[in-house]
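Working through the structure, step by step
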Amino acid sequence: MTTLGMYCKAYEVATLRQFEQWTTGVTVSAREFNDDDVLFVQEDFTVTDGVFLENVVFDQVTPEWKEFCKTQLGFEVPSHITAN
């Protein structure tokens, strides 16, 4: 059974690759990602291939990654979601 998170936001791979330590080393799919492919940053700052939590392609959730998401991507979980 697939699990849907509370919140995620889509970004092109080219944008995510701007993060200096970006890697897709934990990818669950065998496919290569092109710059215009879309991946999803989840509320826990992991990145998935699709909206479901199982397809993790990036799980290096460091303070630097969180800062990049907030400042460069403008990623923020809406307060009405974090309040639950």
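Here's what I pulled together on the structure shown here. Source: prediction; values computed, not measured. (Residues numbered from 1 in each chain as written. Predicted model: local features only at pLDDT ≥ 70, side-chain atom pairs only at ≥ 80, totals over all residues. Heavy atoms only, no water.)

Okay, the side chain of Thr 48 next. Relative to the helices and strands, Thr 48 is located in strand S3 (residues 47-48). Within the structure, the side chain of Thr 48 is placed 2.6 Å from the backbone oxygen of Gly 50, a separation counted as a polar contact. (Helix = DSSP H or I, 4+ residues; strand = E, 2+ residues; numbered from the N terminus. Polar contact = N/O pair within 3.5 Å; in protein donor to acceptor, adjacent residues only side chain to side chain.)

Aromatic rings considered in pairs are described by the distance between their centres and by the relative angle of their planes. Applying the stated criterion across every chain yields a total of nine aromatic pairs. Their ring planes at 85 degrees and their centres at 6.3 Å tell us that Phe 19 and Phe 58 sit as a pair that is edge-to-face. On the criterion of sequence distance, the pair formed by Phe 19 in the loop between helix H1 (13-16) and strand S2 (38-42) and Phe 58 in strand S4 (residues 56-58) is long-range, its members being 39 residues apart. Summarising the burial analysis for this pair, Phe 19 and Phe 58 share the class buried. On the numbers, 5.6 Å between centres and 20 degrees between planes, the contact of Trp 65 with Phe 68 is stacked. Within this pair, Trp 65 and its partner Phe 68 are both found in helix H2 (residues 63-71), separated by three residues, close to a single helical turn. Phe 68 shares its class with Trp 65; the two are buried. (Phe/Tyr/Trp six-rings, centres within 6.5 Å; stacked < 30°, edge-to-face > 60°. Buried < 20%, exposed > 50% of the residue type's maximum accessible area, 1.4 Å probe, protein only.)

Below, the discussion takes up the nonpolar core. One broad rule of soluble globular proteins: the nonpolar side chains tend to lie buried together. Core analysis: the largest hydrophobic core is formed by 19 residues, its most contacted members being Leu 16, Val 41, Val 47 and Trp 65. Breaking this core down by element, the ones donating at least two residues are H1, S2, S4 and H2. The element contributing the most residues to this core is H2, with three residues. Residues in contact with Leu 16, not counting those within four places in the same chain, are Tyr 11, Trp 22, Leu 39, Val 41, Val 47, Trp 65, Phe 68 and Leu 73. (Core = buried A, V, L, I, M, F, W, Y, C linked by side-chain atoms within 4.5 Å. Contact = heavy atoms within 4.5 Å.)

Let's shift gears to the environment of Gln 21. On the secondary structure map, Gln 21 appears in the loop between H1 and S2. Judged by its relative accessible area of 44%, Gln 21 is partly exposed. Here the alpha-carbon distance between Gln 21 and Lys 9, two residues twelve residues apart in the chain, equals 20 Å. Beyond its immediate chain neighbours, meaning those up to four positions away, Gln 21 contacts Phe 58 and Glu 64.

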